[in-house]
Amino acid sequence: MFTSQSSAAARIAKRRLLRSSTARRVARRAVSTQVEPPPAGGHLPGIATSKFLRTTRDAALRTPGITWRDDEHGAPVREIIGGRETRKMNVYQAVRDAMSIALMKDDTAVVFGEDVAFGGVFRCTMGLAEEFGRERVFNTPLSEQGIAGFGIGLAAMGQTAIAEIQFADYIFPAFDQLVNEAAKYRYRSGGQFNVGGLTVRTPTMSVGHGGLYHSQSPEGFFMGAAGLKIVIPRSPIQAKGLLLSSIRDPNPVIFMEPKILYRSAGTYGFMASSEAFPLTCIGNVVEQVPIDDFELPIGRAETLTTGTDLTLLTWGTPVYHCETALSMLANPPPSLAKHVPASLRSAKVELIDLRTILPWDVETVLESVKKTGRLVVVHEACRTAGVGAEIAAEVQKKAFLKLNAPVRRVTAWDVPTGLQYEKFVIPDAIRILDSIVETLAY
Amino acid sequence: MDTIRVDGNDVLAVLAATREARRRCVEDGRGVLLEAMTYRVSHHSTSDDSFAYRPRQEVEERKRIDNPIGRFRLWLHSQGWWSDAEEEELKTRLKKDVMTAFKRAEGVKRHALKEMFTDVYGGEEPWHLKEQREELGALIKKYGNDWEPWTAELKKFKDNGESLS
């Protein structure tokens, strides 16, 4: 028994090693045949040195809002952090770690979707099928409506269903199941039944070369679907803690993972599967992630920098573009100096990561806007009826007399993300900087 | 409904089955399901390594013994209509044509940047797209020369991004 197990483990390890060495080979080839693009933010402090990433054990264990789940769910929470371990992970490893914990601690949990048994196109389910068996981690036919419907059925029968939609762009065939079935299940049964055990994971946002069907951010489409929750993490620690919370939340949750943040190295990524997808990362999105079971709160935003002059609100990938914009505001490079009046360079900007899109943390946002009097919302989805519109409407209602400038939205234009135009469709650091300066000077 | 399964790697078989299916559709006014069995020998995309989920040997064998182009060529040979010399000449010429086209295309500038906003709708441009197009135009005028990632990118477009507003 011992021998067969260990030889099986060795086989898996060898296969992984082979895969990763193939991946590296191919990645190198991909890089060498392509013209290196300039760094996403020019040669400016950007995500490669993001100070929002928790890269030490101590910082990781002190992540704000962290709740340890050492024992069975519902047991008293142990606050102690001494003796807890962390491991260096990127986003896809953290997502995998969360699912591994869910599968380990919850016998009813299953993971399914297109190609997930092979590891998934972004490696988020790598090795889970080998570890937990094909009965619990399995491939589905290429039918998003089927995946969602299957997950709803499982959840209705009391299982924990962790479904993957391979790209958020492909979630639309499942729209009916999610909006008409998952969102309404509890309500229409008068609270007798629910599908709270359903979590739908899906990679979202742009990557630099995704074109019309691999660049979209559909969170806004689900914002009107009362009964669903929508969560978008920005980093490995956030991904693990928020995913475990989403899986255990008593409501169906759509968990959108910004796909450009999955990988750590700033090179072309590579994935072995039928719908493989190359990634150009925008920096090192790696953190020391606690290896224990922990959760981060749904419905709570996180304030990343405090300030008194302007509130900058975003989620997912643009968190890092905002960080770059703030660094340029304080220290504009020579070419941009003339666009940033000296009087504004000392402005204190409060950067908030919304994290949960529905129900969004109106309390944190309002408290901040009442203090700063100015709000800029940044998202990758198009402008019209985007999440920013909802936030702006609520903020002007509740903080009208505190506002010193109109709420501004930095978003994609209301056009599909054409491959050649992407750099000018998706908001980048310069557009964020411009909106900050315009709003401060209003 | 009639159904037929055909060797999808046999060009003439596919042609014959399609002809017959068409005849039945037209004459009987009924649909026909034609299932052409084939095999994808390439990877799913340039970023896919399909050997992670299927054996390399399987693909190599398919390429060698069940290549639809190879099979059709052998048939042409057997009819005396095609030769190795002609094959080589054709391959060389086509390769050259493709590389020439590639080279030409790589040197061509992209459409004008303003095309980003066209064909979202037909007819009159809606007000919000007009506003957004002008907003981007103003941003490019302001930062086009001063923001490095844009400066480089703008040069790739026919209009250098100057015709947005």
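All values reported here derive from a predicted model rather than from experimental measurement.

Parameters and conventions
- Residues numbered from 1 in each chain as written.
- Chains lettered and ligands numbered in written order.
- Predicted model: local features only at pLDDT ≥ 70, side-chain atom pairs only at ≥ 80, totals over all residues.
- Heavy atoms only, no water.
- Domains from an automatic or database assignment.
- Contact = heavy atoms within 4.5 Å.
- Buried area = accessible area lost by both parts, 1.4 Å probe.
- Salt bridge = Lys/Arg side-chain N within 4 Å of Asp/Glu carboxyl O.
- Helix = DSSP H or I, 4+ residues; strand = E, 2+ residues; numbered from the N terminus.
- Pairing = 2+ DSSP bridges.
- Axes fitted to C-alpha atoms, helices over the stretch in contact; angles between N-to-C directions.
- Polar contact = N/O pair within 3.5 Å; in protein donor to acceptor, adjacent residues only side chain to side chain.
- Nonpolar A, V, L, I, M, F, W, Y, C, P; charged D, E, K, R; others polar.

On to the domain arrangement of chain A. All names here are of chain A. Per the domain assignment, the segments making up chain A are domain 1 (47-261) and domain 2 (299-441). Using C-alpha coordinates to define each centre, domain 1 is positioned 26 Å away from domain 2. Listed per partner, the contact involves 35 residues of domain 1 and 29 residues of domain 2. Of the roughly 2600 Å² buried where domain 1 meets domain 2, counting both sides, 61% is carbon and sulfur surface. When the buried area of domain 1 at its contact with domain 2 is split by residue, Phe52, Met223 and Arg234 rank highest and sum to 29% of it. For aspartate 353, the salt bridge goes to arginine 234, with nearest N and O atoms at 2.9 Å. Those elements that provide at least two residues to the side of domain 1 that touches domain 2 are strand S7 (229-231) and helix H8 (236-248).

With that settled, the discussion passes to the sheet that holds strand S11 (residues 302-305) of chain A. Residue and element names in this part refer to chain A. Pairing is mixed in the open sheet, where five strands are placed in the order S11-S13-S12-S15-S16. Single-partner strands in this sheet number two, and they are S11 and strand S16 (408-412). Along the sheet, successive strands turn relative to each other by an average axial angle of 25°, direction set aside. Across four bridges, the pairing between strand S15 (residues 375-382) and S16 is parallel.

In this section: the domain arrangement of chain B. All names here are of chain B. Domains assigned within chain B are domain 1 (1-38), domain 2 (41-108) and domain 3 (113-154). Measuring from the centre of the C-alpha atoms in domain 1 to the corresponding centre in domain 2 gives 26 Å. Contacts between the two partners involve five residues from domain 1 and, on the opposite side, six residues from domain 2. Regarding the contact of domain 1 and domain 2, the summed buried area is about 490 Å², with carbon and sulfur atoms giving 55% of it. Three residues stand out in domain 1 for area buried against domain 2, namely Asn9, Val11 and Leu12, and they jointly supply 82% of the buried area on that side. For the interface between domain 1 and domain 2, the tally reads two salt bridges. The partner of aspartate 10 in a salt bridge is arginine 71, with the nearest N and O atoms 3.9 Å apart. Counting the contacts that link domain 1 with domain 2 gives two residue pairs in polar contact (both at pLDDT 80 or more). Broken down by class, the residue content of the side of domain 1 that touches domain 2 amounts to two nonpolar, one polar and two charged.

Once that is clear, we can look at the sheet that holds strand S3 (residues 109-113) of chain A. Residues and elements named next belong to chain A. On the basis of which strands lie adjacent, the open sheet formed by seven strands has the order S4-S3-S5-S6-S8-S7-S14 and mixed pairing. Bordering the open sheet on either side are strand S4 (137-139) and strand S14 (356-358), each of which pairs with just one other strand. This sheet shows a mean twist of 20° between the axes of neighbouring strands, independent of strand direction. As paired elements, S7 and strand S8 (residues 253-258) share three bridges and run parallel to each other. Within S8, the position partnered with isoleucine 230 by the bridge is isoleucine 254. Running at roughly 170° to S3, helix H5 (residues 144-156) makes contact with S3, S4, strand S5 (160-164) and strand S6 (198-204) of the sheet. Strands in contact with H8 are S5, S6, S7 and S8; relative to S8, the strand with the most contacts, it is inclined by about 165°.

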